[in-house]
Amino acid sequence: MTTDWLTLKAGRDAWLQVQEQGLKADDIGLLLGASGGPKWFVLQGLDKYLFGEFFSQRTRPLDMLGTSAGAWRFASLGQADPIAASDLFCRLYRTQTYSPKPDVREITDEAIKLLHEYIPDDVVPQILQQDKFRHHWIVTRCRGLTAHNGKRQMAGLLGSAAANAVNRRLLGKFYDRVIFHHPQSDVRFAQGWQDIPTSLAPLRDDNFKSALLATGSIPMVLEGVRDIPGAPPGMYRDGGITDYHFDLDFSQVDGLVLYPHFYHQVVPGWFDKSLKWRRTKGAQWPNVIFMSPSPEFIASLPYGKIPDRTDFAKLSVEDRFKYWQQAVDQGQRMADQLREWITSGEIKRKIQLWT
């Protein structure tokens, strides 16, 4: 009996559409990519299949929405060779090394170095001038104590975590959501997103890399990015603070939403990780197709888990490099299985109704 390495779930509208006609590239209106650091390694095989094969058949532009690692993954799209770009990002990220006790400055410098290698300056106009793949990144604009560094930032984080535990909307007292978007996108799918104060800023040659750096700037781990050109002044940090795995209204998306994810649950915001009752479900997302590694896939990995940031401290450099490479290699199983299910029509049987 063949092992299912991939779990597919869909909200009711998406599930019915797949039952009727399978899944085609032009069915997808929005591609989602979540925060999560090195957890994304298990998805690289899926990314390469989607970037280089599945979406190559599209006849209309594809919108993408990412935060943190999700936004960085998607920055491969729009480049001349997205597969080579994805492989480069994977290698650079996978082989990062630090001193035994790196400080915020060292980690930030390494992120900046990686960014410039992954996306040279001459690549930015190439990405922005094409219209096949339209980038949208959520970046968090911090207010009050959260805009500071050190102990004051920590106090702001604790205060916003407490407020979030009462109601996610209270995050709006501490943060704004800023959507940096492709210059040719009208960001129609985000109409009505005011659960947290939300504003738009077009991506440009002079802010593309700053915005990408900012959406991955984890509080207390990396330095924030101040005063990004073309956006409201202030301190910008990780987009996952407000939108870790997303809890947004996608009813205005023109088509289905495809969400390759590394986790079997959807945690709305960064502060919701410990709030087990706060998860986004298929009933809220009728047009979303959600894919994640199956329990059997997770069990097959070294250590029986997907990579995460704690591996930097828990593993030797040699063991971490080996483990992360194995996670990337084994992720190809999910890509091969998805390809087979789509091309054979088996996806109709494999996809579950997500309630």
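Residues numbered from 1 in each chain as written. Predicted model: local features only at pLDDT ≥ 70, side-chain atom pairs only at ≥ 80, totals over all residues. Heavy atoms only, no water.

The name given to the protein in an unreviewed UniProt entry is Alpha/beta hydrolase, with the source organism recorded as Pseudidiomarina donghaiensis.

Participant: Tell me what's going on with the pairing of strand β2 (residues 28-33), and back it up with residues and numbers.
Facilitator: Within β2, six of the six residues are buried, which leaves the element mostly enclosed by the surrounding structure. Pairing between β2 and strand β3 (residues 62-66): four bridges, direction parallel. Within β3, the residue paired with Leu-30 across the bridge is Asp-63. Handedness of the β2-helix α2 (residues 44-54)-β3 crossover: right-handed. (Buried < 20%, exposed > 50% of the residue type's maximum accessible area, 1.4 Å probe, protein only. Helix = DSSP H or I, 4+ residues; strand = E, 2+ residues; numbered from the N terminus. Pairing = 2+ DSSP bridges. Right-handed = clockwise from strand over helix to strand, strands pointing away.)

Participant: Please give an account of the pattern of salt bridges that cites residues and values.
Facilitator: Enumeration over the complete set of coordinates arrives at 23 salt bridges. For Arg-105, the salt bridge is made with Glu-223, and the minimal N-O distance between the two is 2.5 Å. Of this pair, Arg-105 sits in helix α5 (residues 104-118) while Glu-223 sits in the loop between α8 (208-215) and β7 (225-226), and the two are 118 residues apart along the sequence. Overall, Glu-223 belongs to the partly exposed group, its relative accessible area being 30%. The closest approach of N and O atoms between Asp-247 and Arg-168, which form a salt bridge, is 4.0 Å. Of this pair, Asp-247 sits in the loop between β8 (235-237) and β9 (256-260) while Arg-168 sits in the loop between α7 (150-166) and β5 (175-181), and the two are 79 residues apart along the sequence. By relative accessible area, Asp-247 is classed as partly exposed at 28%. (Salt bridge = Lys/Arg side-chain N within 4 Å of Asp/Glu carboxyl O.)

Participant: I'd like a rundown of the pairing of strand β4 (residues 133-142), residues and numbers included.
Facilitator: For β4, the buried fraction is high: 10 of the 10 residues fall into the buried class. Burial of β4 is two-sided: the residues Phe-133, His-135, Trp-137, Val-139 and Arg-141 facing one way and the residues Arg-134, His-136, Ile-138, Thr-140 and Cys-142 facing the other way are all buried. The sheet contact formed by β3 and β4 spans five bridges and is parallel. Paired with Leu-65 across the strands is His-136, a residue of β4. Sheet analysis places β4 next to β5, joined by seven bridges and oriented antiparallel.

Participant: Explain the packing of aromatic side chains residue by residue, including any values.
Facilitator: Throughout the structure, instances matching the rule amount to 27 aromatic pairs. Plain terms: the ring middles of Phe-41 and Tyr-93 are 5.4 Å apart, the flat faces sit at 70 degrees to each other, and that makes the pair edge-to-face. Taken together, the positions of Phe-41 in the loop between β2 and α2 and Tyr-93 in helix α4 (residues 82-94) put the pair 52 residues apart, joining distant regions of the chain. Just as Phe-41 is buried, Tyr-93 falls in that class too. Grouping aromatic residues by their ring pairs yields a cluster made of Trp-40, Phe-41, Trp-72, Phe-89, Tyr-93, Tyr-98, Tyr-118, Phe-312 and Trp-324. The ring centre of Trp-324 lies 5.0 Å from the NZ or CZ of Arg-320, which sits over that ring. When the ring centre of Trp-5 is taken as reference, the NZ or CZ atom of Arg-333 above it lies at 4.3 Å. (Phe/Tyr/Trp six-rings, centres within 6.5 Å; stacked < 30°, edge-to-face > 60°. Lys NZ or Arg CZ within 6 Å of the ring centre and 35° of its normal.)

Participant: Which residues make up α5, and what values go with them?
Facilitator: The terminal C-alpha atoms of α5 lie 21 Å apart, and with 15 residues this matches the ideal 21 Å at 1.5 Å per residue to within 8%. Residues of α5 that are buried: Ile-107, Thr-108, Ala-111, Leu-114, Leu-115 and Tyr-118. The buried residues of α5 occupy one face: seen down the axis, they fall within an arc of 120 degrees. Summarising the contacts, the buried residues of α5 are in contact with α3 (69-74), α4 and α8. (Expected span 1.5 Å × (residues − 1). Arc of directions from axis to C-beta. Contact = heavy atoms within 4.5 Å.)

Participant: Lay out the nonpolar core with the relevant residues and their values.
Facilitator: Ranked by internal contacts, the top residues of the largest apolar core, which has 59 residues, are Phe-55, Leu-65, Phe-246 and Phe-250. Element by element, the count of residues in this core is highest for helix α11 (residues 317-344), at six residues. Ala-69, Val-123, Val-178 and Val-221 belong to the second-largest nonpolar core, a separate cluster that totals 43 residues. (Core = buried A, V, L, I, M, F, W, Y, C linked by side-chain atoms within 4.5 Å.)

Participant: Run through the layout of surface pockets, naming residues and quoting values.
Facilitator: One number sums up the size of the largest pocket: a volume of about 910 Å³. In this structure, the largest pocket is lined by 37 residues; those nearest its centre are Tyr-93, Ile-218, Val-221, Arg-309 and Phe-312. Sorting the residues of the lining of the largest pocket by element identifies α3, α4, α5, α10 (311-314) and α11 as the ones contributing at least two each. Looking at the lining of the largest pocket, the element that brings in the most residues is α5, giving three residues. Residue classes in the lining of the largest pocket are distributed as 20 nonpolar, 11 polar and six charged. The space that makes up the second largest pocket amounts to roughly 370 Å³. What lines the second largest pocket is a set of 22 residues, among which Lys-39, Phe-262, Tyr-263, His-264 and Ile-306 lie closest to the centre. (1 Å grid on protein atoms, 1.4 Å probe; cavity = no way out; pocket = protein on both sides within 12 Å on 5 of 7 lines; lining within 4 Å. Points joined across faces, edges and corners; volume = space filled by probe spheres on them. Nonpolar A, V, L, I, M, F, W, Y, C, P; charged D, E, K, R; others polar.)

Participant: With reference to specific residues and values, describe the side chain of Gln-337.
Facilitator: Turning to its location among the elements, Gln-337 is positioned in helix α11. Filtering out sequence-adjacent residues up to four positions away, Gln-337 remains in contact with Thr-2, Thr-3, Asp-4, Trp-5 and Leu-6.

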